[in-house]
Amino acid sequence: MNTRPLLILFAALPLLGQRETTFETRPALIVENNKLELVIMNNGGAFTSLTLKDDPAKTDPMWNPARMARERNRQGRFGDSVGHFVCVDGFGPTSPEERAAGYEGHGEAHKQPWQLVNTESKAGVRSLTFRARLPIMHELFTRRVEIAEDEQVVYVDSSLENLLGFDRPVNWAEHATIGAPFLAPGKTVVDSATGRCQTRPYENQPIRRLASGKDFKYPMAIGRDGTSLVDIRNVPDPPSSLDHTGCTVDPARRLGFVTAINLEKGMMLGYLWRREEYPWLQEWMNYPASGELSRGLEFGTQPFDVSHRQTIDMGSMFGVPVFRWLPARTKIS
């Protein structure tokens, strides 16, 4: 199966290729054409920066907590879980037994070195193929990234191979996360086409603005008081909340999408994917009063980032499965 989730940034020199760089002092690779520049980390494969060549401000929509902290004159941490990183196999916390075995949250792929195994240029298209071995899960993750001349699009094809001789349930999410200053109160609007939704259940968390565990129809979620409606497309002004929602991708659509538009800059970041492969969209809305805003536009196999055990126990939500099967010694895409 050939799958192409799309990463799109809207806002001339002939240029198509790649080059080595450092990002936050760590080794990375720049993939570029005459329209855009994408930074991919050598370790973990995160997409940590995406900018337009003709944007004088070099506005970067990707979440970078270290940069945001520097802008506020304090020290911040740059880890593997930044920007757009992949959570496979696993999306959420781990059990005590898994932790004792060395398995950490959000899967292994974002912690492993990514090997560049192939590059190709053909008919104005540059293609790079990366591979990461997941030693604890005994899986092999492969990702091909393509860009074409004159396009403001990144094409992404990925596959997960089971190296063991039995079928197994897997969890896989694209943890796409945007951040300030692209994500700004009263200026940035997020939108998507979804089916049924639910606010994430919680207990005793006063900074929430949404009710716990309530079904809703996107984009109007149930407020914390249990009666008001909150339009989650908008970034609140002033910010001071933390919420999490899970939605099915609209079952009437073959393709799912999510967009984030900065109205002031007239710039949009968008993702497009096949619903059959990623039937869920999570939105992690982290809006602290400090202004270090981040929002996850996380499309994947499950509605919330929870452990393997919890997803298997859940089985499905709203009639939609919350995990995928990975057959013995084969691949899914």
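Further up the page is the structure itself.
Residues numbered from 1 in each chain as written. Predicted model: local features only at pLDDT ≥ 70, side-chain atom pairs only at ≥ 80, totals over all residues. Heavy atoms only, no water.

Peer 1: Describe in detail the nonpolar core, supporting the description with residues and values.
Peer 2: The biggest cluster of nonpolar side chains holds 62 residues, and the ones touching the most others in it are Val154, Leu160, Trp172, Phe216, Tyr271 and Trp273. Those residues within four positions of Trp172 in sequence are excluded, and the remaining contacts are Val86, Cys87, Val88, Phe141, Ser158, Ser159, Leu160, Tyr278, Gly300, Thr301, Ile332 and Ser333. With 13 residues, the next largest nonpolar core counts Phe23, Val39, Ala46 and Cys87 among its residues. (Core = buried A, V, L, I, M, F, W, Y, C linked by side-chain atoms within 4.5 Å. Buried < 20%, exposed > 50% of the residue type's maximum accessible area, 1.4 Å probe, protein only. Contact = heavy atoms within 4.5 Å.)

Peer 1: Just give me the short version of the packing of aromatic side chains, but keep the residues and values in it.
Peer 2: Applying the stated criterion to the full structure yields 9 aromatic pairs. Ring geometry for Phe141 and Trp172: centres 5.7 Å apart, planes at 75 degrees, overall edge-to-face. With Phe141 in strand E9 (residues 139-148) and Trp172 in strand E12 (residues 172-179), this pair connects stretches of sequence that are 31 residues apart. Taking the relative accessible area as the measure of exposure, Phe141 reaches 1% and is therefore buried. An angle of 50 degrees between the planes, with centres 5.4 Å apart, marks the rings of Tyr271 and Phe299 as tilted. Remark: Phe299 occurs in strand E22 (residues 294-300) and Tyr271 occurs in strand E20 (residues 267-274); sequence separation between them is 28 residues. We classify Tyr271 as buried; its relative accessible area is 3%. Residue classification places Phe299 among the buried positions, given a relative accessible area of 1%. Aromatic ring contacts, followed pair by pair, group Trp114, Phe130, Phe141, Trp172, Tyr271, Trp273, Tyr278 and Phe299 into a single cluster. Sitting above the plane of the Tyr202 ring, Arg208 keeps its charged end 5.0 Å from the centroid. (Phe/Tyr/Trp six-rings, centres within 6.5 Å; stacked < 30°, edge-to-face > 60°. Helix = DSSP H or I, 4+ residues; strand = E, 2+ residues; numbered from the N terminus. Lys NZ or Arg CZ within 6 Å of the ring centre and 35° of its normal.)

Peer 1: Can you tell me about the environment of Leu326, naming the residues and giving the values?
Peer 2: Its location among the elements puts Leu326 in strand E25 (residues 324-326). By relative accessible area, Leu326 is classed as buried at 0%. Between the C-alpha atom of Leu326 and that of Arg72, which follows or precedes it by 254 residues, the distance is 45 Å. Once residues lying within four places of it in the same chain are set aside, the contact partners of Leu326 are Glu139, Leu160, Glu161, Asn162, Phe166, Asp167, Arg168, Val170, Lys331 and Ile332.

Peer 1: An account of the pairing of strand E4 (residues 36-41) is requested, with residue identities and associated values reported.
Peer 2: Across the 6 residues of E4, 6 count as buried, placing the element largely inside the fold. The two faces of E4 match: Leu36, Leu38 and Ile40 on one face and Glu37, Val39 and Met41 on the other face are all buried. Pairing of strand E3 (residues 26-32) with E4, which is carried by 5 bridges, proceeds in the antiparallel orientation. Each bridged residue has a counterpart across the sheet, and for Ala28 the counterpart in E4 is Met41. Counting the residues in the hairpin turn of E3 and E4 gives 3 residues. Two strands pair when backbone bridges link them, and E4 and strand E5 (residues 47-52) are joined in this way by 5 bridges, in the antiparallel orientation. (Pairing = 2+ DSSP bridges.)

Peer 1: Tell me about the environment of Asn34, and name the residues and values.
Peer 2: Locating Asn34 in the fold gives a position in the loop between E3 and E4. By relative accessible area, which is 13% here, Asn34 ends up buried. As for Asn34 and Gln75, which are separated by 41 residues in sequence, their C-alpha atoms are 34 Å apart.

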